[in-house]
Amino acid sequence: TTLLFHLQGALERKEFHLVYQPQLSGRNHHIIAFEALLRWTSSETGPVSPGEFIPLAEKSGLIHELGLWVFQKACQDQRTMQKHHPYPLYLSINLSLQQLLDPTFCEKVKNILYEESADASRIVLEVTESVAFHHDSRVIDNLMLLKRLGFLVALDDFGKDYSSLGRITYLHVDILKIDMDFIRRIDEGNQKDLAIIRSIIQLSRNLGAKVLAEGVENEAQRNFLQAEGCDYLQGYFFHKGLSLNDALDLLKNTS
Ligand code: G
Ligand code: G
Ligand code: MN
Ligand code: NA
């Protein structure tokens, strides 16, 4: 509860910042996108992990204001990054269930796009399966509206929760993000674990979607995923989340 107390004023005190983790082409390792990841450094307690404060923000309702702040800041930074890069850069933003339950969310996002002259077709909205297929119809209604605005949708942590395969086609999901747990298990070489990864890659192809492996931490994992034709790669083997300045330096050195 004291953490919640500190969280309430954190936005005004400018204690949040974003880091950007690169997502690379599996074919040539070019940077094609950045995932915006929220960070909080409390003036009272120091850094607090998102695993700790995001659930608090969700329960307290702060996620609405905070989520829009993330959206606006990430759109601004995307524009700065694009200036330093000759090829299209996509931006990935994580969404919480509460945001998609808000009937005014689309309208607010539309206003931010307009203010920041941002292009929805270059922005990927990351939602977990359990959020995308939540029973409350407001969620799917919002996602359909967002898709109509041009946003792309990625299913985050794919394979972790239950899969509702029929609804993937219904929603026209653009990207499947294979959950880190599966990538971790590549190291053990269990044929059944490898078969699951291959099946997710195949599934994405058959759906006309792209597939991204997250949490790639070593060369063996990268080699396997690349050999299987995984479209995009993300993880500490390549890059951790970078400050805007570090992301800009990286873009200058690689383009
Ligand atoms: O980056 P990290 O592993 O610390 O993130 C932990 C969790 O927090 C992940 O599930 C990630 O999706 C989530 N997360 C990170 N940034 C945001 C954000 O801006 N909004 C929401 N809703 N979740 C985020
Ligand atoms: O739930 P979501 O997929 O959005 O969470 C992404 C989280 O995973 C981020 O907090 C990020 O810091 C973390 N992450 C990114 N790459 C790696 C990695 O290679 N290994 C591990 N363990 N975590 C990673
Ligand atoms: Mn994510
Ligand atoms: Na994920």
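Below is a short write-up of the structure. (Residues numbered from 1 in each chain as written. Chains lettered and ligands numbered in written order. Predicted model: local features only at pLDDT ≥ 70, side-chain atom pairs only at ≥ 80, totals over all residues.)

For the protein chain, the helix and strand inventory stands at 12 helices and 9 strands. For 255 residues, the compact-globule formula gives about 18 Å, and the C-alpha radius of gyration of the protein chain, at 18 Å, lands near that figure. Considering only C-alpha atoms, the protein chain reaches an extent of 50 × 45 × 35 Å along its principal axes. Among the 255 residues that make up the protein chain, the fraction classed as buried is 35%. In the protein chain, the share of contacts with a sequence separation of at least 24, taken over all contacts with a separation of at least 6, comes to 66%. (Helix = DSSP H or I, 4+ residues; strand = E, 2+ residues; numbered from the N terminus. Rg over C-alpha atoms; globule rule 2.2 N^0.38 Å. Buried ≥ 20, exposed ≤ 12 C-beta atoms within 10 Å, placed from the backbone. Contact = placed C-beta atoms within 7 Å.)

Inspection of the region around ligand 1 gives Leu37, Leu38, Ser49, Pro50, Gly51, Ile54, Val70, Asn94, Leu95 and Ser96 as its neighbouring residues. Of all the secondary-structure elements, those providing two or more residues to the shell around ligand 1 are strand E2 (31-42) and helix H2 (50-60). Here the shell around ligand 1 gets 3 residues from one element, more than from any other, and that element is H2. A per-class count over the shell around ligand 1 returns 6 nonpolar, 4 polar and no charged. (Near = placed C-beta within 6 Å. Nonpolar A, V, L, I, M, F, W, Y, C, P; charged D, E, K, R; others polar.)

A few words on unusual backbone geometry. Trans is the common state for peptide bonds, and a negative phi is the common state for residues other than glycine. Even without a glycine there, the phi angle at His29 is positive, about 65°. Mapped onto the fold, His29 is located in the loop between strand E1 (16-25) and E2. Note on His29: 14 C-beta atoms within 10 Å, which makes it partly exposed. A positive phi angle, close to 45°, is found at Ser117, a residue other than glycine. Here Ser117 lies in the loop between helix H5 (105-115) and strand E5 (123-128).

The next point concerns the site of ligand 2. Around ligand 2 there are 14 residues in total, and Asp156, Gly215, Glu217, Gly235 and Tyr236 lie nearest to it. A breakdown of the residues in the shell around ligand 2 according to their chemical character gives 4 nonpolar, 5 polar and 5 charged.

We now examine the pairing of strand E7 (residues 175-178). Remark: a regular strand shows side chains that alternate across the two faces of the sheet. Neither face of E7 is exposed, since Ile175 and Lys177 on one face and Leu176 and Ile178 on the opposite face are all buried. Summarising the sheet, strand E6 (residues 152-158) and E7 pair through 3 bridges and their orientation is parallel. Among the inter-strand pairings, Leu155 is bridged to a residue of E7, identified as Leu176. Direction of pairing for E7 relative to strand E8 (residues 210-213): parallel, over a ladder of 4 bridges. Bridge pairing in E8 links Ile178 to Ala213. (Pairing = 2+ DSSP bridges.)

At a minimum axis separation of 9 Å, helix H3 (residues 63-83) and helix H12 (residues 244-254) run at an interaxial angle of 25°. When the axis of H3 is compared with that of H12, the two are roughly parallel. For the crossing formed where H3 meets H12, the hand is right-handed. Of the residues in H12, those touching H3 at Asp77, Thr80 and Met81 are Leu244, Ala247, Leu248 and Leu251. The residue inventory of the contact of H3 with H12, partitioned by class, reads 5 nonpolar, 1 polar and 1 charged. (Axes fitted to C-alpha atoms, helices over the stretch in contact; angles between N-to-C directions. Parallel < 35°, antiparallel > 145°, perpendicular 65-115°, else oblique. Left-handed = near helix turned anticlockwise from the far one by under 90°.)

A few words on helix H7 (residues 137-148). Here H7 contains 12 residues, and its C-alpha end-to-end distance of 17 Å stays within 8% of the 16 Å for a straight helix at 1.5 Å per residue. Looking only at H7, the buried set comprises Asn142, Leu143 and Leu146. Buried residues of H7, seen end-on, are gathered within an arc of 100° and therefore sit on one face of the element. Among the exposed residues of H7, those oriented more than 90 degrees off its buried face are Ser137 and Arg148. Check the buried side of H7 and you find it contacts helix H4 (97-101), H5, E5, helix H6 (129-132), E6 and helix H8 (165-171). Gly150 sits one or two positions beyond H7 and adopts a positive phi of about 110°. (Expected span 1.5 Å × (residues − 1). Arc of directions from axis to C-beta.)

If you look at the biggest cluster of nonpolar residues, it comprises 64 residues, and the most contacted ones within it are Ile93, Leu125, Leu176 and Ile178. Those residues in contact with Leu125, other than ones at most four positions away along the chain, are Ile93, Leu95, Leu146, Phe151 and Val153. (Core = buried A, V, L, I, M, F, W, Y, C linked by C-beta atoms within 7 Å.)

Turning our eyes to something else, we now look at the environment of Gln202. Tracing the chain through its elements places Gln202 in helix H10 (residues 191-207). For Gln202, a count of 13 C-beta atoms within 10 Å translates into the label partly exposed. Measuring from C-alpha to C-alpha, the distance between Gln202 and Ser164 comes to 16 Å, with 38 residues separating the pair along the chain.

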